Each structure stands twice: as C-alpha cells, then as structure tokens.
Amino acid sequence: MSTTREFRIAVFPGDGIGLEITEPCMAVVDAAVSRVGGIRLAYEILPAGAGTYQQFGTALPDASIEAARAADAILLAAAGLPDIRYPDGTEIAPQIELRSILDLYAGVRPVRSIPGVPSPLADPRGSQLDFIVVRESTEGLFVSHRKGTVRDDSEAEDRLLITRNGTERVVDAAMRIAETRMAGGGRGHVSCVDKANVFASYAFFRKIFDERVALHPRLTVDHVYIDASTLDFVGRPWRFDVIVTENMFGDILSDLGAGLIGGMGFAPSADIGDRYAVFQPCHGTAPDIAGQGRANPTAMFLSGAMMLEWLAEQHDEPNAATAAATIRAAVDETFANGMRTWEIGGQSGVREVTDAVLSRIKEVAPA
C-alpha cells in the first residue's frame, strides 16, 4: 500500500506583486507534485510585510513567526513598499528579519540561463550560464540592519561584522553545493569574493575560506576581489561555478547575475540554515506594476522548485526532487517555445506564464 507524505508550508504573500504571484506558484508546485505523486503540500497563508505593519504596527507578527517555525519549509513572495517605512527611514523587510530569527546563514542565488530568454551579452556563452552565488546572510554589513547611528545630523555609521563561525558555516555550505554540482558533472570550483586587500574583516573571511578548503580536497578554488568580480560578471561570467561572499557583496552580485539571465523575474533564491529555509524570488514588490497582471512569476516558480529540492534533501524524498525538476523543465520549455514577458520585450504576465507552465507540466516527462 503506497503512502503519501505531507509537508507543511508557511506562505507569506507579502505586498505588491507578491500578492499576485503566490497563488499561481502554489498551483504550479501542486501540479508538479500531483504529476509525480507520493507527496502533497499543506499551505498556511501568513501575514507579513508593509501592509501588515500599516495595519497592525508590526511587519512580522509573533504568530507568523511561530507558524513558520512549525512548518517544514517557508515560501515568501515579496514584501515591503517604498512609501511605508520604519521611523528610521528604512523599508519594511520581514525577509531580512526572518534570516536573523531563523538563523538562515546561506543565501543561495542561482544564475541559470533559461532557453529562449535573451542575454544582454553578445558572446553566445552568455546564454548558457549556470553558476551560484552563496551569500552569507546573517552578518557582514547587514548586521547593522536597523541598528545604524546618525550623530548630530552630520555623520552616519553602520557596522560590518565577520565572525569565524559565520564564515566557516557559509563556506562549508558553498563547498557542499560545489561538491553536489560536481557529482552531477559540474566543475567543482569555488571562488571566494572579498576585499581582502583593503579591509581586515575581508582578509579574515579569506583566511577562514582557505582553512576550510583543506576539508574539501576534490574542489578547486580561487580568490577574486569584489571589484574584479563585477568586471568578470560582465566580461566572462561563464568562468564561475560557485561563489561565496559576504552579505552585502552577495546582495549586489546576485542582482547583477539576475541581469545576465533576463532580469529579476527569472532569479529565484533560498535562505537556508541548519533547521529552517525560506524560498523567495530575488525581486521586490514592484509597486509600479502591481495590480496590472504584468508581473513575471517565473522566479517565484523556480523558488518553489528550490523548496522542493530542499525538502527532498532534508527528508530523503526523491519524489520532491522529481517534482522540482518537472517545474524547471516546464519553465524551460515555456520560454524556449516563444513566451515573452514584459521585461524581455513581450506582453505576457502572470496569467499567461502560469497557464503555459501548467500546460507544460502536464506534458513533460517527470525527470
């Protein structure tokens, strides 16, 4: 007698286009899961974000945090609005708060070309990218989130913190990702991106990186200064396999990487810790197009696929991994067959992309 495993998913629709892409994402994930069989997902919709702050005076209610802790995984669409801010002038960002609360230290940002989506790079290799930025997500410059100081309206100061523990665990996470990719035919290469020639904190980051390399002898590594890495992102991004870097640098590089594959609408991400993980598109709430149906839900769909992969790893559940591969294949076929969203010169938005991907899920053979 076959059994179906159930996973509980905490869902934060958030604000802006987040409210438009959440249900389509759940529909796509459910369609892939149903196609493969063996598992099902039970969703709990939770409040968080700028609208929640405006209504209740808190961006992330305690009940939402507890529900997230109790879930098997967390799916977050997009949160925050530029015209709703904290008294210190910073935007509402429950996604950053969750990283701290749940100790989500590894920000995993894939940069993968999708067939049919144009690259801004002239070199044909620019349309065949497949690398990952691993961003330390709990310290670095972001340790000053909502803690910076302004003195006498004449100067402002934020703190950058690099710790041994924080660096060791994110470097180890990047190394494990590289080893997994290597087992699947990847290069097994990790690049440490820092500014070790100027700042002691980044020299410390590099020192710890070099120490951890000894624990992964099958991998190759190199060091790249952050300024040089941006040059390589534009000139020869195909040279990268896995990148590990400090929080702010990773934030910037992951957006630059999204630009190489068609835009933020194609860029998924995960924030992963030892117990919890949040999956969300790299993009924000896009209030300029919210409510118009023009949002591209692809990054949300691919974040859902990352969530399924993580569930597969955490719970030794191959059906979840197969469902994730099914979503990716459906997305690839949708765009390879001519789908064009607004940001790449077309006129397709949430409904058109969702309908096409759901149709493809019915047709593609589960991997």
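Here the structure is a predicted model, which means the values were calculated and not measured.

Asks: Lay out helix α6 (residues 200-213) with the relevant residues and their values.
Replies: Its 14 residues place the ends of α6 20 Å apart at the C-alpha level, agreeing with the 20 Å of an ideal helix rising 1.5 Å per residue. For α6, the complete set of buried residues consists of Tyr 202, Phe 205, Arg 206, Ile 208, Phe 209, Arg 212 and Val 213. All buried residues of α6 fall inside an arc of 165° around its axis, so they share one side. Buried residues along α6 sit in contact with α5 (164-183), β8 (189-194), β9 (220-225), β10 (242-245) and α8 (247-260).

Asks: Any details on the packing of aromatic side chains? Residues and values, ideally.
Replies: Throughout the structure, instances matching the rule amount to 8 aromatic pairs. With centroids separated by 5.4 Å and ring planes inclined at 80°, the aromatic side chains of Phe 131 and Phe 233 adopt a geometry described as edge-to-face. In this pair, Phe 131 sits in strand β5 (residues 130-136) while Phe 233 sits in helix α7 (residues 226-235), placing the two residues 102 residues apart along the sequence. The pair Phe 131 / Phe 233 is uniform in exposure class, with both members buried. Residues Phe 279 and Trp 310 carry aromatic rings whose centres are separated by 5.9 Å and whose planes lie at 55° to one another, so their mutual orientation is tilted. You can see Phe 279 sitting in strand β12 (residues 277-281) and its partner Trp 310 sitting in helix α9 (residues 298-315), a full 31 residues away along the chain. A relative accessible area of 1% means that Phe 279 is categorised as buried.

Asks: Lay out the pairing of β12 with the relevant residues and their values.
Replies: Among the 5 residues that make up β12, 5 are buried, leaving the element largely enclosed by the rest of the structure. Here β12 shows two buried faces, one formed by Ala 277, Phe 279 and Pro 281 and the other by Val 278 and Gln 280. Where strand β3 (residues 73-78) lies against β12, 2 bridges are found, and the strand directions are parallel. Counted as the bridge partner of Ile 74 is Val 278 from β12. Two elements, strand β11 (residues 268-272) and β12, share 5 bridges in a ladder whose sense is antiparallel. Bridge assignment links Ala 270 to a residue of β12, and that residue is Phe 279. A loop of 4 residues connects β11 with β12, the two strands running antiparallel in sequence.

Procedures and definitions
The numbers attached to residues start from 1 for each chain and follow its sequence in the written order. Residues qualify for local features only when their pLDDT is at least 70, as the model is predicted, and side-chain atom pairs are given and counted only at 80 or more; totals for whole chains, interfaces and linings, by contrast, use all residues. As a convention, hydrogens and water are excluded, and side-chain values are obtained from all of the structure's heavy atoms. Starting at the N terminus, helices and strands are each numbered in turn, a helix being any DSSP run of H or I of at least four residues and a strand any DSSP run of E of at least two. Here a helix's expected span is defined as the number of its residues, less one, multiplied by 1.5 Å. Burial classification: accessible surface area is computed with a 1.4 Å probe over protein chains only, and a residue below 20% of its type maximum counts as buried, one above 50% as exposed, and the rest as partly exposed. The arc under discussion is defined with respect to the helix axis, by the directions toward the C-beta atoms. Should any heavy atoms of two residues lie within 4.5 Å, those residues are considered in contact. Stacked, edge-to-face and tilted labels apply to pairs of Phe, Tyr and Trp rings (six-membered ring for Trp) whose centres lie within 6.5 Å, assigned for plane angles under 30 degrees, over 60, and everything in between, in that order. Strand pairing is assigned whenever DSSP identifies at least 2 bridges connecting the two strands.

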